[in-house]
Amino acid sequence: MNSIGPRDGSGPSCITLISDNINNLYGSIRVVVLLGKAFKALGYRVRIIAPHISGQAYSQLKGLGFEVVEVGLDLGILGRLRNKYFRELATWLIHSRAAGQLIHVNEDCISINMSYQLPVPSTVYYALGHVSDLLADMSRQYPYLYLLYLLTEPVIQYVEAPYNRALASSNIVAAISRFVASRLVKRGIRYDAVVYPPIDVELFKPPVKAPEANYALAYIGKEVEVDTIIKIADRGVRIIVFGSKPFRLPKRLVEHPNVTYLGEVSDSELVRLYGNAAFTIFPHTHEPLGLVPLESMACGTPVLTYAKQGPAETVIHNEAGWLANSKAELINYAVKLWHLGYPEEFRVNARRRALEFGIGNIIREWVRLLAPFGISVEKALKIQAVK
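The rules behind these values
- Residues numbered from 1 in each chain as written.
- Predicted model: local features only at pLDDT ≥ 70, side-chain atom pairs only at ≥ 80, totals over all residues.
- Heavy atoms only, no water.
- Salt bridge = Lys/Arg side-chain N within 4 Å of Asp/Glu carboxyl O.
- Helix = DSSP H or I, 4+ residues; strand = E, 2+ residues; numbered from the N terminus.
- Phe/Tyr/Trp six-rings, centres within 6.5 Å; stacked < 30°, edge-to-face > 60°.
- Disulfide = S-S within 2.5 Å.
- Buried < 20%, exposed > 50% of the residue type's maximum accessible area, 1.4 Å probe, protein only.
- Axes fitted to C-alpha atoms, helices over the stretch in contact; angles between N-to-C directions.
- Parallel < 35°, antiparallel > 145°, perpendicular 65-115°, else oblique.
- Left-handed = near helix turned anticlockwise from the far one by under 90°.
- Contact = heavy atoms within 4.5 Å.
- Nonpolar A, V, L, I, M, F, W, Y, C, P; charged D, E, K, R; others polar.
- 1 Å grid on protein atoms, 1.4 Å probe; cavity = no way out; pocket = protein on both sides within 12 Å on 5 of 7 lines; lining within 4 Å.
- Points joined across faces, edges and corners; volume = space filled by probe spheres on them.
- Pairing = 2+ DSSP bridges.
- Expected span 1.5 Å × (residues − 1).

Regarding the pattern of salt bridges
Per the counting criterion, the structure on display carries 11 salt bridges. Ionic pairing is found between arginine 30 and glutamate 295, a salt bridge with its closest N-O pair at 3.6 Å. Of this pair, arginine 30 sits in helix α1 (residues 29–41) while glutamate 295 sits in helix α11 (residues 291–298), and the two are 265 residues apart along the sequence. Across the salt bridge formed by lysine 327 and aspartate 227, the nearest N and O atoms sit 2.8 Å from each other. You can see lysine 327 sitting in helix α13 (residues 327–340) and its partner aspartate 227 sitting in helix α8 (residues 226–234), a full 100 residues away along the chain. Within this structure, Arg30, Asp267 and Glu295 form a network of salt bridges that share partners.

Looking at the packing of aromatic side chains
This structure, assessed with the given rule, holds 10 aromatic pairs. Through a chain of ring-to-ring contacts, three or more aromatic side chains come together here, namely Phe204, Tyr219, Phe242, Tyr274 and Phe282.

Brief notes about the state of the cysteines
Throughout the structure, instances matching the rule amount to one disulfide. In this model, cysteine 14 is linked to cysteine 109 through a disulfide, with the two sulfur atoms separated by 1.4 Å. Classification of the bridge connecting cysteine 14 and cysteine 109 rests on its S-S torsion, roughly -80°, and on that basis the disulfide is left-handed. Of this pair, cysteine 14 sits in strand β1 (residues 14–18) while cysteine 109 sits in strand β4 (residues 109–113); the two residues are 95 residues apart in sequence, bridging distant segments of the chain. Here cysteine 109 falls in the buried class, since its relative accessible area comes to 0%.

Concerning the packing of α1 against helix α15 (residues 359–370)
For the pair α1 and α15, interaxial distance at closest approach is 10 Å and the crossing angle is 70°. Relative to α15, the element α1 lies roughly perpendicular. Note that α1 runs across α15; the crossing there is right-handed. Judged by residue contacts, Leu34, Leu35, Ala38 and Phe39 of α1 engage Ile359, Ile363, Trp366 and Leu370 from α15. Looking at side-chain class alone, the contact of α1 with α15 contains eight nonpolar, no polar and no charged residues.

Quick word on the layout of surface pockets
Computed from the structure, the second largest pocket encloses a volume of approximately 260 Å³. Elements with a contribution of two residues or more to the lining of the second largest pocket: α1 and α2 (55–63). Element by element, the count of residues in the lining of the second largest pocket is highest for α1, at four residues.

Notes on the environment of leucine 184
Here leucine 184 is to be found in helix α7 (residues 178–186). Between the C-alpha atom of leucine 184 and that of histidine 130, which follows or precedes it by 54 residues, the distance is 8.7 Å. Ignoring sequence-local partners within four residues, the contact set of leucine 184 consists of Ala127, His130, Leu167, Val173, Ala175, Ile189 and Tyr191.

Some thoughts on the sheet that holds β4
With parallel pairing, the seven strands of this open sheet are ordered in space as β3-β2-β1-β4-β5-β6-β7. One side of each edge strand has no neighbouring strand; the edge strands of this open sheet are β3 (67–70) and β7 (193–194). Relative to β4, β1 is paired through five bridges, and the arrangement is parallel. Within β4, the position partnered with cysteine 14 by the bridge is cysteine 109. The strands touched by α7 are β5 (124–127), β6 (172–175) and β7; relative to β6, the strand with the most contacts, the crossing angle is about 130°.

Comments concerning the sheet that holds strand β13 (residues 321–324)
Across the sheet, six strands lie side by side as β10-β9-β8-β11-β12-β13; this open sheet has parallel pairing. On the outer flanks of this sheet lie β10 (259–263) and β13, each paired with one strand and no other. Across the sheet, the mean angle separating the axes of adjacent strands is 20° when strand polarity is ignored. Sheet analysis places strand β8 (residues 216–220) next to strand β11 (residues 280–282), joined by two bridges and oriented parallel. Its bridge partner lying in β11, alanine 218 is registered against isoleucine 281. Along the sheet face, α11 touches β8, β11 and β12 (303–306) and points at about 170° away from the line of β11.

Structural notes on the pairing of β5
The two faces of β5 match: Val124 and Tyr126 on one face and Tyr125 and Ala127 on the other face are all buried. Alignment of β4 against β5, held across two bridges, turns out to be parallel. Directly across from asparagine 113, in β5, lies its bridge partner tyrosine 125. Taken together, the four bridges between β5 and β6 define a ladder with parallel strand orientation. Each residue of the ladder has a partner; that of tyrosine 125, found in β6, is valine 173.

Observations regarding α13
Relative to the 20 Å expected for 14 residues at 1.5 Å per residue, α13 spans 20 Å between its end C-alpha atoms, a close match to the ideal helical length. The inward-facing, buried residues of α13 contact α8, β11, β12 and β13. Of the residues one or two after α13, glycine 341 is the one with positive phi, at around 75°.

With respect to the environment of alanine 354
When you line up the elements, alanine 354 lands in helix α14 (residues 345–355). A residue is classified by how much of its surface remains accessible, and alanine 354, at 0% relative accessible area, is buried. For the pair alanine 354 and phenylalanine 204, spaced 150 residues apart in the sequence, the C-alpha separation amounts to 9.5 Å. The contacts of alanine 354, once residues within four sequence positions are left out, are Ile199, Val201, Leu294, Met297 and Ala298.

Right under this line is the structure:
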């Protein structure tokens, strides 16, 4: 194991956060920004490193007071891929074995690595899950893709090997959820703690006192079952859909009379959509944690999802939402909730549950985790001021 981080006993002067590509400050990049802002509030210089950072995101991060470093290699023709998910995979394929030569972390810095695209040993490797698990589960939705996955699995395992080595060589491995921790154990990789990611409970909060509740909300992404959303709409549930898929969305979704597809939306619009929905539907194929369920609950809207993987750790069944054990059960739940509703305290419970994942609580866990590397008690006392 490498001895990474401050060594002179004086404590760290900075925190380096290593991220995947940063195209905007939405989605999983919110976690990077929230942690960075919290560490800045505790008096540390914060540096964010990523393979590629869009011009707008670079300006926004600099405006928040972060040092920003882009270390990516030229993707060549792959960089011109129109599909953003394919560009992410291309970045992973090209950078996974070159990351060690691209990143240099000062010895007076604590490094927290949240990237699979830049697998370098760090003070803490924040394990968000294995790409191979994602590809395996996602490809099962499409028979031809699953066959392709099986044929290319040896290549995927080869490309993923540096990630496994970086995990094993880091001082601490923190898993994003108990589900991810279990996948690490299955691979023979140790983990030291489970630390859930923070959400911005000041941004994501109930926007109205009396929600419209005249639609269900669904997110479309690489990890979501589109056919399940269509089947729920077939049963008469009005659904508003946001997000995007790796492949073209089927016409039977975007042209469905009970579906309104919005694509990607702004933060303010997303909060409005969450807060006014009757409930949020999240039928995932593979989800290490699930920020959508947490954001929905933070806006006071309970979540219907599967009783597996990350969402099963955040959504409390029959209290802040509902956990289904099968596709048929989830569809039936959705229809029943649409027609019969649910007790109003579910909205209160959802908000209360989400507050547990606010940055003020999560940063305390990070301070405890990093205490052996010089984060002082005095610093920890300032956490009360972090929103």
